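# Observations on chain architecture
Now for the letters of each chain:
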Amino acid sequence: MPGIKITRRTVLTSAAFGATVLSVPFVRGARAAGGVVPKGKMTLAWHTNIASRWLDPQQHDGTASPDNFLFAIHDGLIKNLRDNKYGHLALAEHFDFPADAKSATFRLRAGLKFHDGSPITMEDVKWSYENYRGSSAKVLHEKTKGVTIVDDRTIRFDFTEPFLDFPILMGTGNLCGAGWVVPAKYYQQVGKDGFLQKPIGAGPYKLVSQVPGSKLVLEAFEDYYRPVHIKHFEIIGVPEAATRLAMIEREEADILYLVEGQLIDRIKKNSKIMLAPVLSGSWWLEFPGFQDPKNPFNDKRVRQAVSLAVDRKAINEAESGGMGRVSGNWINNDVEDALDWPEFEFNVAKAKELMAQAGHPNGFKVDWLTVVPNYFSRGERVISQLKAIGIQTRLQTMERGVYLKKMEGGLKEWPGLQIIMNATRIGGSWASWYEGMFKCGGFQGQDMICVKDLDAKFDQYQKSFNREERKKLAEEIQRGILENHYFVPVFRHAFVNAIGPRIKAAKWQDVFPTITSGYAYPWEDIELKEAAAAQK
Amino acid sequence: MTQFIIRRTFYALISLFILSVTIFAIVRLTGDPVTMLAEPGARAEDLDRLRAEWGLDRSWPVQYLTFAKNVFTGDLGKSFNYQMPVSTLYFQRLPASLQLALAATFISFIIGIPAGLISAVKVNSAWDNAGKVVALFGLAVPGFWLGLVMILIFSVWLGWLPTSGQGGILHLIMPSVALGWYFAASLLRLTRSSMLEVMRSEYIKLARLKGLPGYVVIAVHAFKNALIPVLTLAGINLVVMINAGVIIEVIFAWPGIGRLLYEGIFQRDFPLVQGVVIQAGIMIVLINLTIDILYAYIDPRIRLAK
Amino acid sequence: MAFVTEQTRAALAGSAPILAGLRRRWLRLAAGLPVVPLAILIPFVLIAVFANVVAPYDPTEPIPGAKLFEPPFWADGANPAALLGTDFQGRDILSRLIYGARVSLIVGVMGTIVAGGVGTTLGIMAGYLGGWVDQVIMRITDAWLALPALVFAIFLATMVGPSMWNIIIILGAVYWTRYARVIRGEVLSLREREYVKLAEIAGASSARVILRHVLPNVLNSAMVLASLTIGVVIIAEASLSFLGVGVPPPEPAWGSMLADGRSMLMVGDWWLTVLPGLCIMMVVLATQLMGDWLRVRLDPQLRNL
């Protein structure tokens, strides 16, 4: 397993290279870090408006949007980077997480600085953790007995009970921001609102100016401990997909996020632009209220028939230009303990047979099929595929805010017989997926999905401190969902981005190397082609 | 007159009150901003913490009173997403929106007014019809599509203009045409009708009798007098363009107030939406009030009417 | 626009008086009819009414085996079965345009009727009843007029959920205010007329006076406003589609076709948006020109509107 290795006592992973180079005195950061002088300018066309709170790790909202910005401006003790899910050593050069999971110790690199030139102290780390109030703050603070500054580069966290998820929370940039260090004195001085205007961090890029919501102007931070290749970095919020595309064609933008469905095929023809189809959210069908014996989806054979009737390959082709993945499990395999599962079969004949066995030889009528807005076309495709087994339904569209409100409202918001084509992408561990999407009473499970025996096993999982037992339970629960077709996984769609001709890249993975994210970080590693770097 | 002003001001305040209640209620009826941000990774307690922080755990009347009280002191509240005072955000974005709106007003003038003049002077001629079609075109084509077609032609194919964003005068051309053209039609109609009215008036007839050549009369006298209602309309259009140029600002990634509003709507950023709408409402109500008072000043009969 | 010529009048003079009267009225109206707008509108209305007869395919279902076909149908890689090409779901564009005429015209006309109905009713009530009724209605009208129309529509759309009929009601709810204001003004001046006063003195009930004397006299203004509103409503529907809350798929409204296909414009799939765009443009232009004509014809008071 990449990331943090845990042996009987402790394992220290170290970033020897960075640490040694940085410890050479009288050499300034940028040059010290690999002899690279940052040059040129890169522009990113971000696909929505830019919410200011994303610039502050202290207010991490638990979603996969802040990490794009945190990875530029800020830095964490450990983080997800490239193929490391959460254990990449960033500000820390050693991370020590004993097998009993009752404490964790970080030792920081020497000579670390914030953008304003002030050194990163242990007080900053401690304050950032203790005052963190974003997503998962409660569980972190409840389980933490104390934070001790051991010496001027070492800090230890003690827990009230074994805290196996601690490294995941600390190191996953799209989950939680408690491990990301802000300058404590400055933060208190300007307040949380002031901080959003002029955030100061320890990341590879410092903020020069911003138009809140639509533009960030960044500049390479010379004292960063890793080489930063591009001097000027602008992030512009461009909500309209067609405009983003025009920008990259005109080289006004170098990287753009989110090329949608039908555009993908056409861009493939433009030899100057490279597509970067990052595997992203997982899509599945669910049957709200199926636990009710009167609901036709209560019959496992019917759910299985639905699964057999879904032509996943065709959906992937049409919706993600074939660049998504037809996955077995609905839980992405880039999180802890996700179960590998073979691809589901597509077999309409068998599906019809099962429908007949279940007493629906001619199918039945479903009131609505609702799909996560605004991905309506994939809902339409599923509807036309289900017709083959006699399930007749119509597409229900709604605006995103309304959809989320209805999901939170539970079964009463979904009267009659309904199918939901739901999707998500959650970082961290499989348990967050289960808890958020499947668990009875959970964030989107609510009272729509209630499978008592699996929920009981999940409670047992959460109470357990035994790694072996947890692993076993994780597998049993996921198997239980998939074998019973409680959820019908459809595919993992591609979050398709594009890379313009000025960026140096042999393949798209050079620019999008981080497997746990759809974004192009680490930013400091991106390089311009020489001609582009020389441009003013 | 004083009584008239007081009464009108009172009406304006009531309108603003209704406006504020309407916008306050409809933003709240459409969803929960906390749900909007919370992807499943967030826990229930995180959501509650946010609700408390944003004051959403209080009852609606309490929230409304706080909002109304703040508006009176010039405080539009704090945006959920930006965590900045809405008025700060508003004034940060105002220059960009004002720039676009002024340019668009200019475009609407150079399309709408000549078309209106021609069609008033040459009623039912080919010129009249051509002018009308040109001016109405901006209204007959959805702005987002016009914007994209322009980007395609002038940026992607011809490479003459930058696709989007704020910058020099070149950045301004496409968005202001797309926005201004829409408003040209209303200017055309008003210019035409007020020109026709003025030209039928006694003193123009008199001027003609004095033997001045027709075109001079039109140009000098008629136009000058017809201009007052036209400018009034342009003022209201300007306010709308500043505050609600949502679609054009989205298409051209223009960092103005319209985009602020657009994002606020879809993120359920209650204070932001309320603030921008109230701000726009105050401007429009103020303009209307001023016009009412000015007209009453000019024409005493109006004072007596309700 | 030219009235009926003297020759026509002379020609008509020989007919039986009643018939002549009727014919004269009809001819007077017909002679000035705007040819171009009608030449556009009549075919569109016919197509909308007979969509199920005219359309070669089901607009919501892919042509079997079809994928994206580029028009014109005689070009390489095109499908002669789809005259105007197909969209990404393999659906026939021509059929979608034909059914789209139905959806868009229903939205435009019905939205206008709702707006006009509500606005005219409230305007008459405000103007005729006066007093606190007038105050309440007019203050709400003023307040809602100051609300950006599109913003209001988006919120209503998110509240009730998008469907064709909801969109109609929403746009009606947004655009009634301008009717209320204009109609109220008209009613105020009507109340000063002799015949209305006489009817009141004669003891006619309010309802009777409104129905007999007020309503018929404000209908012309309402008609003119309506003809100008249809286009605005059609465009507003398109804008709502752009913002993701318009007429929901798979229903083919021109506005949603335009919104769905817009990003493809940049990569050269022009027919997905240029064709519905042209349809919208022609219909809106035609209704606006009709409105201008009606304004001059029907309503001397609004001639200067």
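In this section: the interface of chain C and chain A. Taken together, the 19 residues of chain C in the interface contact 18 residues of chain A. When the two sides are added together, the surface that chain C and chain A hide from each other amounts to roughly 1,700 Å², 56% of it contributed by carbon and sulfur. A per-residue breakdown of the area chain C buries against chain A is headed by C:Gln89, C:Pro249 and C:Met266, which together make up 29% of the total. Where chain C touches chain A, the interface holds two salt bridges. One salt bridge connects C:Arg91 with A:Glu380, and the closest N-O pair in it is separated by 3.1 Å. At the junction of chain C with chain A, the criterion picks out two residue pairs in polar contact (both at pLDDT 80 or more). Tallied by class, residues from the side of chain C that touches chain A come to 11 nonpolar, three polar and five charged.

Glancing now at the confidence of the model for chain A. Looking at chain A as a whole, its pLDDT mean stands at 88, while 93% of the residues score no less than 70. Segment residues 1–32 of chain A is flagged for pLDDT under 50; beyond a separation of four residues in sequence, or across chains, it makes 54 contacts in the model.

On to the domain arrangement of chain A, then. Residue and element names in this part refer to chain A. Taken domain by domain, chain A consists of domain 1 (8–249 + 500–535) and domain 2 (281–493). Facing the 18 residues of domain 1 at the interface are 12 residues of domain 2. For the domain 1 and domain 2 pair, buried surface summed over both sides reaches about 1,100 Å², with 56% attributable to carbon and sulfur atoms. Taken as a group, Lys 85, Leu 164 and Ile 168 account for 39% of the area that domain 1 buries against domain 2, more than any other trio of residues on that side. We note a salt bridge from Asp 165 to Arg 470, for which the minimum N-O separation is 3.4 Å. Split by residue class, the side of domain 1 that touches domain 2 holds 10 nonpolar, five polar and three charged.

All names here are of chain B. The domain boundaries assigned to chain B delineate domain 1 (1–81 + 268–306) and domain 2 (94–266). Taken over C-alpha atoms, the centre of domain 1 sits 29 Å from the centre of domain 2. Together domain 1 and domain 2 conceal approximately 1,200 Å² of surface at their shared face, both sides included; 73% is due to carbon and sulfur atoms. The three residues of domain 1 that bury the most area against domain 2 are Arg 268, Leu 272 and Val 276, which together make up 33% of that side's buried surface. Where domain 1 meets domain 2, there are zero salt bridges. Applying the counting criterion to the domain 1 and domain 2 interface returns three residue pairs in polar contact (both at pLDDT 80 or more). Among the elements that make up the side of domain 1 that touches domain 2, the one with the highest residue count is helix 13 (residues 270–298) (11 residues). Here the residues of the side of domain 1 that touches domain 2 are counted per class, giving 11 nonpolar, two polar and two charged.

As a further point, take the pairing of strand 7 (residues 154–159) of chain A. On any regular strand, side chains alternate: one points to one face of the sheet, the next to the other face. Residues and elements named next belong to chain A. Among the six residues that make up strand 7, five are buried, leaving the element largely enclosed by the rest of the structure. Pairing of strand 6 (residues 144–151) with strand 7 involves six bridges; the strand directions are antiparallel. Paired with Thr 148 across the two strands is Arg 156, which belongs to strand 7. Taking the residues that link successive antiparallel strands as the turn, the strand 6-strand 7 hairpin has two residues.

Let's shift gears to the interface of chain B and chain A. Contact residues are listed per partner, giving 47 residues for chain B and 48 residues for chain A. Note on chain B versus chain A: buried area summed over both sides is about 3,900 Å², and carbon and sulfur give 52% of it. Summed over the shared surface of chain B and chain A, the number is three salt bridges. A:Glu408 is paired through a salt bridge with B:Arg51; the nearest N and O atoms lie 3.3 Å apart. Run the count over chain B and chain A and you get 11 residue pairs in polar contact (both at pLDDT 80 or more). Among the elements of the structure, helix 2 (33–37), helix 3 (44–53), helix 5 (86–121), helix 7 (143–157), helix 11 (246–251) and helix 12 (257–267) of chain B are those that each provide at least two residues to the side of chain B that touches chain A. Broken down by element, the side of chain B that touches chain A gets its largest block of residues, six residues, from helix 3 of chain B. Per-class residue counts for the side of chain B that touches chain A are 22 nonpolar, 12 polar and 13 charged.

With that settled, consider unusual backbone geometry. All names here are of chain A. Of note, the amide linkage connecting Tyr 521 to Pro 522 takes the cis form, showing an omega dihedral of 5°. The residue Pro 522 is located in the loop between strand 16 (487–499) and helix 18 (530–534) in this model. Backbone geometry places Asp 337, a non-glycine residue, at a positive phi of 60°. You can see Asp 337 is positioned in the loop between helix 11 (312–320) and helix 12 (348–357).

Moving on: the pattern of salt bridges. All told, the structure shown has 46 salt bridges over all chains when counted by the stated rule. Look at the salt bridges and you will find they share partners, linking A:Arg82, A:Arg226, A:Glu524 and A:Asp525 into a network.

Bringing the state of the cysteines into the picture now. All names here are of chain A. Within the structure shown, the criterion is met by one disulfide over all chains. Here Cys 440 is linked by a disulfide to Cys 450, with a sulfur-sulfur distance of 1.8 Å. Where Cys 440 bonds to Cys 450 through sulfur, the torsion about that S-S bond is close to 55°, and the disulfide is right-handed. You can see Cys 440 sitting in the loop between helix 15 (430–438) and helix 16 (452–463) and its partner Cys 450 sitting in the loop between helix 15 and helix 16, a full 10 residues away along the chain.

Each strand in a sheet pairs with its neighbour through backbone hydrogen bonds, running either in the same direction (parallel) or in the opposite one (antiparallel). Residues and elements named next belong to chain A. On the basis of which strands lie adjacent, the open sheet formed by four strands has the order 4-5-7-6 and antiparallel pairing. A strand with exactly one partner marks an edge of an open sheet, and here the two such strands are strand 4 (92–96) and strand 6. On average, each strand axis in the sheet is tilted by 15° relative to the strand beside it, whichever way the strands run. Sitting on the sheet, helix 4 (residues 122–131) is in contact with strand 5 (103–108), strand 6 and strand 7, with an inclination near 170° to strand 6.

B:Phe144, C:Val107, C:Leu171 and C:Trp254 are the most contacted members of the largest nonpolar core, which totals 166 residues. If we skip the residues at most four places from it in the chain, C:Val107 touches C:Thr112, C:Met164, C:Ile167, C:Ile168, C:Leu171, C:Val233, C:Glu237 and C:Val247.

What follows is about the environment of A:Ile168. All names here are of chain A. Within the secondary structure layout, Ile 168 lies in helix 6 (residues 166–171). For Ile 168, a relative accessible area of 6% puts it in the buried group. Taking C-alpha positions, Ile 168 is 24 Å from Ala 456, a pair spaced 288 residues apart along the chain. Apart from residues lying up to four places away in sequence, Ile 168 is in contact with Tyr 86, Leu 175, Glu 336, Gly 428 and Ser 429.

The next point concerns the environment of A:Ala72. Residue and element names in this part refer to chain A. For Ala 72, the location among the structural elements is in helix 3 (residues 66–73). Taking relative accessible area as the criterion, Ala 72 reaches 1% and is therefore assigned buried. Sequence-wise, Ala 72 and Gly 201 are 129 residues apart; in three dimensions their C-alpha atoms are separated by 9.1 Å.

Another point: the packing of helix 5 of chain B against helix 8 (residues 169–200) of chain B. Residues and elements named next belong to chain B. Where helix 5 meets helix 8, the closest approach of the two axes is 5 Å, and the angle between their N-to-C directions is 35°. Between helix 5 and helix 8 lies a crossing whose hand is right-handed. Taken together, the residues of the contact of helix 5 with helix 8 break down into 21 nonpolar, eight polar and one charged.

The rules behind these values
Residues numbered from 1 in each chain as written. Chains lettered and ligands numbered in written order. Predicted model: local features only at pLDDT ≥ 70, side-chain atom pairs only at ≥ 80, totals over all residues. Heavy atoms only, no water. Contact = heavy atoms within 4.5 Å. Buried area = accessible area lost by both parts, 1.4 Å probe. Salt bridge = Lys/Arg side-chain N within 4 Å of Asp/Glu carboxyl O. Polar contact = N/O pair within 3.5 Å; in protein donor to acceptor, adjacent residues only side chain to side chain. Nonpolar A, V, L, I, M, F, W, Y, C, P; charged D, E, K, R; others polar. pLDDT = per-residue confidence, 0-100. Domains from an automatic or database assignment. Helix = DSSP H or I, 4+ residues; strand = E, 2+ residues; numbered from the N terminus. Buried < 20%, exposed > 50% of the residue type's maximum accessible area, 1.4 Å probe, protein only. Pairing = 2+ DSSP bridges. Disulfide = S-S within 2.5 Å. Axes fitted to C-alpha atoms, helices over the stretch in contact; angles between N-to-C directions. Core = buried A, V, L, I, M, F, W, Y, C linked by side-chain atoms within 4.5 Å. Left-handed = near helix turned anticlockwise from the far one by under 90°.

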